[in-house]
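This is what each chain is made of:
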Amino acid sequence: MDVSQALEVFIYGVLALFAVGTILSGFFQVRTAEAVVIQRMGKFLRVANAGINFKLPWLDQIAARIDLRVQQLALDVETKTKDNVFVKIPVSVQFHVIPEKVYEAFYKLANPRQQISSYVFNVILGHVPKMILDDAFLQQSDIAIAIKEGLDDVMKTYGYAIDQALVTDIEPDAKVKAAMNEINAAQREQVAANARGEAEKILKVKQAEAEAQSKALQGQGIANQRKAIIEGLKESVEAFSAAVEGTTPKDVMMLVLVTQYLDTLKEIGAQDKSNTLFISHSPAAIGDLFRQMQDAVMIGQKGASVSQ
């Protein structure tokens with residue numbers, strides 16, 4: 001083989017390698033949950049889906065790779081409520097590209113995140129300034145629903161679907177939050193104080209009822225004791241009168257009184273720690289004591305007859 005033939009074989013080999021390389025360069029891979037936009041000479045041609053795809057070398061180009069997975073946009077919107085409280089509202093919007101509308105998502109909307117942000121601000125600024133702070137806390141879900149419904153209608157035109165719009169919190173100014181906590185703490189303390197007062201009231205009522213019942217039982221006991229003493233004295237007087245002829249009940253009572261008087265002196269003297277007592281200890285003194293008791297009984301009987 002001469003030089004010219006060798007050169008010709010080399011050129012054909014290079015051309016073959018170039019052709020094979022060119023053909024192989026037309027193959028490309030699309031991952032799952034991804035779509036590829038193909039353009040031919042700058043004009044949209046088609047959308048390639050997951051798997052191995054082929055495009056014409058030199059003529060077709062990959063314009064973009066579109067992620068079909070759910071994405072999240074986090075925003076902090078600051079606004080003012082109806083009662084002039086400045087609040088910051090964190091909002092999370094979850095969205096994804098509709099597989100059938102990859103063309104609209106790529107060609108109709110240059111910056112989807114900016115578009116979504118603008119609409120979220122618009123919805124919140126249209127709702128929250130009409131509410132007082134307490135209503136804003138209560139209607140977080142209503143605000144989120146309004147954001148999602150509005151974004152669904154707008155973004156579907158551009159090939160995007162809104163999965164969720166979440167209002168994660170409402171954060172008032174730190175001073176306002178501290179004041180709210182103080183008000184809440186004061187209200188809870190008031191409830192606790194009322195509960196403690198009711199408990200103390202019930203306790204005192206129960207104590208008073210117990211004391212009244214105790215005194216009633218004590219008085220009943222004393223009355224029964226006195227009744228028993230009277231019955232015993234009556235039986236003693238009757239027995240003594242029957243045993244000793246000529247004695248009167250007055251004599252018997254005098255004897256009983258003398259006996260009780262002597263027993264009392266005996267008990268006082270038997271105590272180790274008794275103080276010194278000066279008392280009259282003559283028969284005349286006992287007689288005076290008996291007359292005083294008799295007068296008291298007669299006065300009580302007269303009072304009872306008058307009241308009747």
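Cut-offs and rules
- In every chain, residue numbers begin from 1 and rise along the written sequence.
- The model is predicted, so local features are restricted to residues of pLDDT at least 70 and side-chain atom pairs to those at 80 or more, both for listing and for counting; the totals for chains, interfaces and linings are taken over all residues.
- The side-chain figures draw on all heavy atoms in the structure; neither hydrogens nor water molecules are used.
- Buried Ala, Val, Leu, Ile, Met, Phe, Trp, Tyr and Cys residues form a nonpolar core when they are joined through side-chain atoms within 4.5 Å.
- Three exposure classes are used, based on accessible area relative to the maximum for each residue type with a 1.4 Å probe and protein chains only: buried under 20%, partly exposed in between, and exposed over 50%.
- Under the scheme used here, helices are H or I runs from DSSP no shorter than 4 residues and strands are E runs no shorter than 2 residues, and both carry numbers assigned from the N terminus.
- Residues are treated as being in contact if the distance between any of their heavy atoms lies within 4.5 Å.
- Definition used for salt bridges: Asp or Glu carboxyl oxygen within 4 Å of a side-chain nitrogen of Lys or Arg.
- A strand pair is defined by DSSP finding two or more bridges across the two strands.

1. Some points on the nonpolar core
So, step 1. Judged by nonpolar contacts, the single largest core of 36 residues is most densely connected at Ile89, Ile116, Val120, Ile124, Ile147 and Leu151.
So, step 2. If one sorts the elements of this core by residue count, strand 7 (residues 86–97) sits on top with six residues.
So, step 3. Excluding residues that lie within four positions of it along the chain, Ile147 makes contacts with Val91, Tyr119, Val120, Val123, Ile124, Ala165 and Val167.
So, step 4. By size, the runner-up hydrophobic cluster in this structure holds five residues, among which are Phe28, Val30, Val36 and Ala48.

2. Quick notes on the pattern of salt bridges
Side chains bearing opposite charge may pair, as long as their charged atoms lie close to each other.
So, step 1. Here the structure, examined in full by the defined rule, presents seven salt bridges.
So, step 2. A salt bridge links Arg65 to Glu34, with the nearest nitrogen and oxygen atoms 3.2 Å apart. Taken together, the positions of Arg65 in strand 5 (residues 60–67) and Glu34 in strand 2 (residues 34–40) put the pair 31 residues apart, joining distant regions of the chain.
So, step 3. With relative accessibility at 40%, the residue Arg65 sits in the partly exposed group.
So, step 4. Classification of Glu34 as buried rests on a relative accessible area of 8%.
So, step 5. A salt bridge links Lys206 to Glu209, with the nearest nitrogen and oxygen atoms 3.9 Å apart. Taken together, the residues span about one helical turn, with Lys206 and Glu209 both in helix 6 (residues 174–243) at a distance of three residues.
So, step 6. For Lys206, a relative accessible area of 52% puts it in the exposed group.
So, step 7. Salt bridges linked by common partners bring Arg31, Glu34 and Arg65 together as one network.

3. Focus: the pairing of strand 2
Along any regular strand, the residues point their side chains to alternate faces of the sheet.
So, step 1. The element strand 2 is largely enclosed, with a buried count of six among its seven residues.
So, step 2. Pairing analysis gives seven bridges linking strand 2 to strand 5, with the strands arranged antiparallel. Across the sheet, residue Arg40 finds its bridge partner in strand 5, namely Asp60.
So, step 3. Pairing of strand 2 with strand 3 (residues 43–48), which is carried by five bridges, proceeds in the antiparallel orientation. Considered in strand 3, the bridge of Gln39 is made with Phe44.
So, step 4. The turn linking strand 2 back onto strand 3 is made up of two residues, and Met41 within it adopts a positive phi angle of 55°.

4. A look at the pairing of strand 7
So, step 1. Burial of strand 7 is extensive: nine of the 12 residues sit out of reach of the surface.
So, step 2. Where strand 6 (residues 71–80) and strand 7 come together, 10 bridges link them in antiparallel fashion. For Val77, the partnering residue across the bridge sits in strand 7 and is Ile89.
So, step 3. The antiparallel hairpin formed by strand 6 and strand 7 contains five residues in its connecting segment, where Asn84 sits at a positive phi of about 60°.
So, step 4. Sheet topology note: the strand 7/strand 9 (residues 171–172) ladder contains two bridges and is antiparallel. Within strand 9, the position partnered with Val87 by the bridge is Pro172.

Interpretation in functional terms is not warranted from these geometric data alone.
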